[in-house]
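# Chain and residue survey
What follows is the residue order along each chain.
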Amino acid sequence: MDKKPYYITTAIAYTSGKPHIGNTYEIVLADSIARYKRAQGYDVYFQTGTDEHGQKIEEKAKLYEQSPKEYVDGISTTIKGIWDLMNTSYDRFIRTTDEDHVAQIQKIVKKFYDQGDIYKSEYEGMYCTPCESFWTASQLVNGKCPDCGREVKPAKEEAYFFKMSKYAPKLIEHINTHPEFIQPVARKNEMMNNFLLPGLQDLCISRTSFKWGIPVTFDPKHVVYVWLDALSNYITGLGYDADGNHGDLYKKYWPADLHLIGKDIIRFHTIYWPIFLMALGEPLPKQVFGHPWLLQGGEKMSKSRGNVIYADDLVNLFGVDAVRYFVLHEMPFDNDGVITWDLMVERTNSDLANTLGNLVNRTISMTNKYFAGVVESTGVTEDVDADLKSVVTGTVARVNAKMDDLRVADAISEIFTLFKRCNKYIDETMPWALAKDEAKSDRLKEVLYNLTEAITIGASLLESFLPETAEKIVKMLNTQIRELDSLDKFGLYKSGTVVTDAPEILFARIDIKDIMPKVEAIQAAQRAEYEEEQRRAGVTVEAPKKEAAPDVHVDMKEEIEYDDFGKMQFVVGEIVSCEEVKKSKKLLCSQVKIGDTTKQIVSGIKAWYKPEEMVGKKVMVLLNLKPATLAGVVSEGMILCASDAEGNLCIMSPEKDMPSGSAIS
């Protein structure tokens with residue numbers, strides 16, 4: 001049976017510089033979707049690339065005493081190298097300097113001219129070079145570009161304009177009759193209310209004030225404006241021909257199933273691009289998804305500050321799959337995500353090293369210790385097995401549903417719920433206790449078989465997101481990645497298989513104190529690079545000013561005696577497990593190891609911490625607080641936290657790694 005085609009694209013990256021982690025997020029997101037679609041049986045074509053023309057490129061090339069082509073060759077190679085580093089499975093990396101693309105852009109512009117869709121006039125307005133955008137005075141925000149917030153300059157030049165209003169009613173009708181076309185819905189409402197319904201202005205599609213662009217064949221002093229050039233890559237890369245002699249790829253894959261782009265360029269992809277396609281007489285893409293941004297925590301990314309986070313730096317410190325996991329898991333469906341070095345360390349330790357890596361290592365190690373590595377199903381089951389199997393076999397349906405809605409972060413959470421259920425199963429069955437009773441040998445074999453089978457299913461689901469990790473897991477289990485349509489069946493792992501006798505540590509725990517000196521070196525190099533670039537441009541660079549957090553006003557409570565303070569017992573605790581309190585929107589319930597005992601503590605910190613983040617943390621505990629019942633759950637102490645004037649909260653932890661039970665005085 002022929003596979004159903006599926007065409008997915010990213011926005012092509014602009015070659016003005018090296019892409020930061022927020023730009024890289026998009027290609028990793030698209031790759032995970034493309035891989036999952038392939039696993040579902042689709043014939044996927046995945047395209048990405050670089051956008052290489054425009055005034056900004058021409059100016060950058062002059063700074064480095066290069067031709068524009070020499071400059072973009074270098075930057076495009078850098079971008080492609082990062083996409084390859086992140087293990088992305090694109091089918092074509094298109095460049096807008098590719099000969100086949102250039103030829104078709106020239107034919108498209110001529111076709112628009114012959115149809116009467118474009119006309120020559122003069123543009124006068126405010127121009128933002130970084131965004132390659134013209135703006136009227138009324139569109140500016142505080143006198144600056146409404147998109148990027150940077151300075152604009154008055155510009156006046158001859159240009160060709162596209163008659164947007166000619167096609168606007170047809171586009172409005174399409175959007176109204178195809179609610180899935182623009183996602184999330186908030187983006188659709190923005191485009192309709194802010195641009196289409198008030199009335200579209202005609203769009204400038206050529207420039208004469210610079211030369212680095214595709215020449216207009218019938219008026220050579222004009223070059224094609226960057227957005228018509230860039231957007232058309234989605235069809236030229238497939239072999240579209242303006243004369244109608246389309247290539248086989250175009251016939252097979254167009255219209256695109258998904259354009260995946262940043263929310264800042266949604267207007268170009270849902271208004272200008274569909275109108276260009278209508279003018280060409282071609283079908284519109286089925287869906288445009290404007291994903292949110294990945295932001296540097298606490299402050300804007302800036303080379304002048306030296307705080308830009310790049311994918312290759314992250315990979316050098318954490319590894320490819322740890323970075324893939326972070327950017328995919330930390331991005332909500334329709335809200336911006338946050339990345340910091342601290343958060344990377346936390347997720348690596350809690351989710352990857354603890355939840356996943358420790359599970360795989362424990363399972364293989366116990367199999368080797370008790371049965372010389374042989375995994376065997378004996379059929380000796382207990383009631384607890386049924387719940388494990390239900391969670392594991394039901395995961396694929398839940399992941400499918402999330403991926404159909406492009407909720408990739410939620411899909412990954414479902415997979416890690418499977419791994420957490422396996423960890424809980426270990427606690428429930430206590431293999432180490434079974435091993436002490438020879439009569440329970442067959443039961444122990446069944447427990448380890450169930451864990452191995454569950455991990456195999458989890459790894460198979462994980463492959464689209466963390467492909468290298470998934471392959472490592474199944475290799476250690478001496479099996480293979482399974483097809484998605486078999487993952488609702490439990491028991492396919494071949495009984496009698498021998499696992500590796502040397503399990504690999506998938507993710508090592510990381511100490512933030514080991515990372516930060518390396519981060520400081522990276523930031524110093526960034527600042528030096530920025531200063532060199534500014535020196536070339538003749539700009540004097542001032543040292544960046546670090547904004548201090550505002551002090552918190554403290555209202556003194558009633559004074560207490562030293563004896564009152566002496567009644568409080570503060571100790572170091574280690575959180576061994578944590579879960580949400582079902583009847584509460586604010587509470588988490590933690591099991592806290594304190595020396596040789598464990599206390600249950602309920603804390604109102606759900607808005608700031610996920611349960612899985614809490615596991616493994618060393619915290620400061622008020623131990624001898626009288627027990628209280630919160631939302632029906634008994635709390636036997638208090639975890640100490642700090643909060644600022646804006647209501648942000650963080651857990652108080654000891655500076656050094658002190659053993660649980662250590663006294664705080």
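Structure: above.
The notes below deal with the structure included here. (Residues numbered from 1 in each chain as written. Predicted model: local features only at pLDDT ≥ 70, side-chain atom pairs only at ≥ 80, totals over all residues. Heavy atoms only, no water.)

For the protein, the helix and strand inventory stands at 21 helices and 27 strands. Since a compact globule built from 665 residues should have a radius of gyration of about 26 Å, the 29 Å found for the protein is in line with a globular shape. Oriented by its inertia axes, the alpha-carbon framework of the protein measures out at about 90 × 70 × 45 Å. Classification of the 665 residues of the protein by burial places 51% in the buried group. Contacts in the protein between residues at least 24 apart in sequence constitute 75% of all its contacts with a sequence separation of at least 6. On the protein, roughly 31,000 Å² of surface is accessible, and the fraction owed to carbon and sulfur atoms is 49%. Across the protein, the centroid of the 79 positively charged side chains sits 1 Å from that of the 98 negatively charged ones. (Helix = DSSP H or I, 4+ residues; strand = E, 2+ residues; numbered from the N terminus. Rg over C-alpha atoms; globule rule 2.2 N^0.38 Å. Buried < 20%, exposed > 50% of the residue type's maximum accessible area, 1.4 Å probe, protein only. Contact = heavy atoms within 4.5 Å. Areas by Shrake-Rupley, 256 points an atom, 1.4 Å probe, with all protein chains shown as cover. Lys, Arg positive; Asp, Glu negative; His and termini not counted. Charge placed at Lys NZ, Arg CZ, Asp CG, Glu CD.)

All right, on to a nonpolar patch on the surface then. On the surface, a nonpolar cluster with roughly 460 Å² of combined accessible area is contributed by Ile560, Tyr562, Phe565 and Met568. The residue tyrosine 562 is located in helix H20 (residues 562–566) in this model. Exposure remark for tyrosine 562: the relative accessible area of 68% places this residue in the exposed category. (Patch = residues over 30% accessible without salt bridge, like charges linked within 9 Å, V, L, I, M, F, W, Y side chains within 5 Å. Salt bridge = Lys/Arg side-chain N within 4 Å of Asp/Glu carboxyl O.)

Time to look at the environment of valine 576. Of note, valine 576 is situated in strand E18 (residues 570–580). Between the C-alpha atoms of valine 576 and glutamine 591, which are 15 residues apart in sequence, the distance is 5.8 Å. Excluding anything up to four places from it in sequence, valine 576 contacts Gln591, Lys593 and Val615.

Another point: the packing of helix H13 (residues 341–371) against helix H17 (residues 441–462). The contact between H13 and H17 brings their axes to 10 Å, and the two run at 145 degrees. For the crossing formed where H13 meets H17, the hand is left-handed. Together, Leu356, Leu359, Val360, Thr363, Met366, Thr367, Tyr370 and Phe371 of H13 and Ser441, Leu444, Lys445, Leu448, Leu451, Thr452, Ile455 and Leu462 of H17 make up the contact between the two elements. (Axes fitted to C-alpha atoms, helices over the stretch in contact; angles between N-to-C directions. Left-handed = near helix turned anticlockwise from the far one by under 90°.)

Grouped together as the largest cluster of nonpolar side chains are 103 residues, with contacts concentrated most on Ile33, Phe318 and Leu461. If we ignore the near neighbours within four places in the chain, the residues touching phenylalanine 318 are Val323, Trp341, Met344, Val345, Thr348, Ile510 and Ile515. Among the nonpolar cores identified, the runner-up in size contains 56 residues, and Leu171, Val224, Ala242 and Val288 belong to it. (Core = buried A, V, L, I, M, F, W, Y, C linked by side-chain atoms within 4.5 Å.)

In the structure shown here, the tally under the stated rule is 39 salt bridges. In this structure, aspartate 100 engages arginine 92 in a salt bridge whose closest nitrogen and oxygen atoms are separated by 3.2 Å. For aspartate 100, a relative accessible area of 37% gives the class partly exposed. When its relative accessible area of 18% is taken as the criterion, arginine 92 is described as buried. Lysine 156 is the partner of glutamate 122 in a salt bridge, and the nearest nitrogen-oxygen pair spans 3.7 Å. Taken as a pair, glutamate 122 in strand E5 (residues 118–128) and lysine 156 in strand E7 (residues 153–162) lie far apart in primary sequence, 34 residues in all. Salt bridges linked by common partners bring Glu52, Lys69, Asp73 and Arg95 together as one network.

Our focus in this paragraph is unusual backbone geometry. Proline 184 follows glutamine 183 through a cis peptide bond whose omega is -10 degrees. Along the chain, proline 184 falls in the loop between strand E8 (182–183) and helix H6 (185–196). In this structure, proline 255 follows tryptophan 254 across a cis peptide bond, with omega equal to 10 degrees. As for its position among the elements, proline 255 is in the loop between helix H9 (248–253) and strand E12 (258–262). Here the phi dihedral of asparagine 142 falls at roughly 55 degrees; this positive angle occurs in a residue that is not glycine. Its place among the elements puts asparagine 142 in the loop between strand E6 (133–135) and E7. By relative accessible area, which is 77% here, asparagine 142 ends up exposed.

Pairing is antiparallel in the open sheet, where four strands are placed in the order E6-E5-E7-E9. The outermost strands of the open sheet, each flanked by one partner alone, are E6 and strand E9 (203–204). As judged from the two bridges shared by E7 and E9, these two strands associate in the antiparallel manner. Its bridge partner lying in E9, phenylalanine 162 is registered against leucine 203. (Pairing = 2+ DSSP bridges.)

A few words on the packing of H17 against helix H18 (residues 467–476). Viewed as axis vectors pointing N to C, H17 and H18 meet at an angle of 155 degrees, and their least axial separation amounts to 8 Å. Taken together, the axes of H17 and H18 are roughly antiparallel relative to one another. As H17 packs across H18, the resulting crossing turns out to be left-handed. Residue-level contacts link Ile455, Ala459 and Leu462 of H17 to Pro467, Thr469, Ala470, Ile473 and Val474 of H18. Looking at the contact of H17 with H18 residue by residue, the classes come out as seven nonpolar, one polar and no charged. (Parallel < 35°, antiparallel > 145°, perpendicular 65-115°, else oblique. Nonpolar A, V, L, I, M, F, W, Y, C, P; charged D, E, K, R; others polar.)

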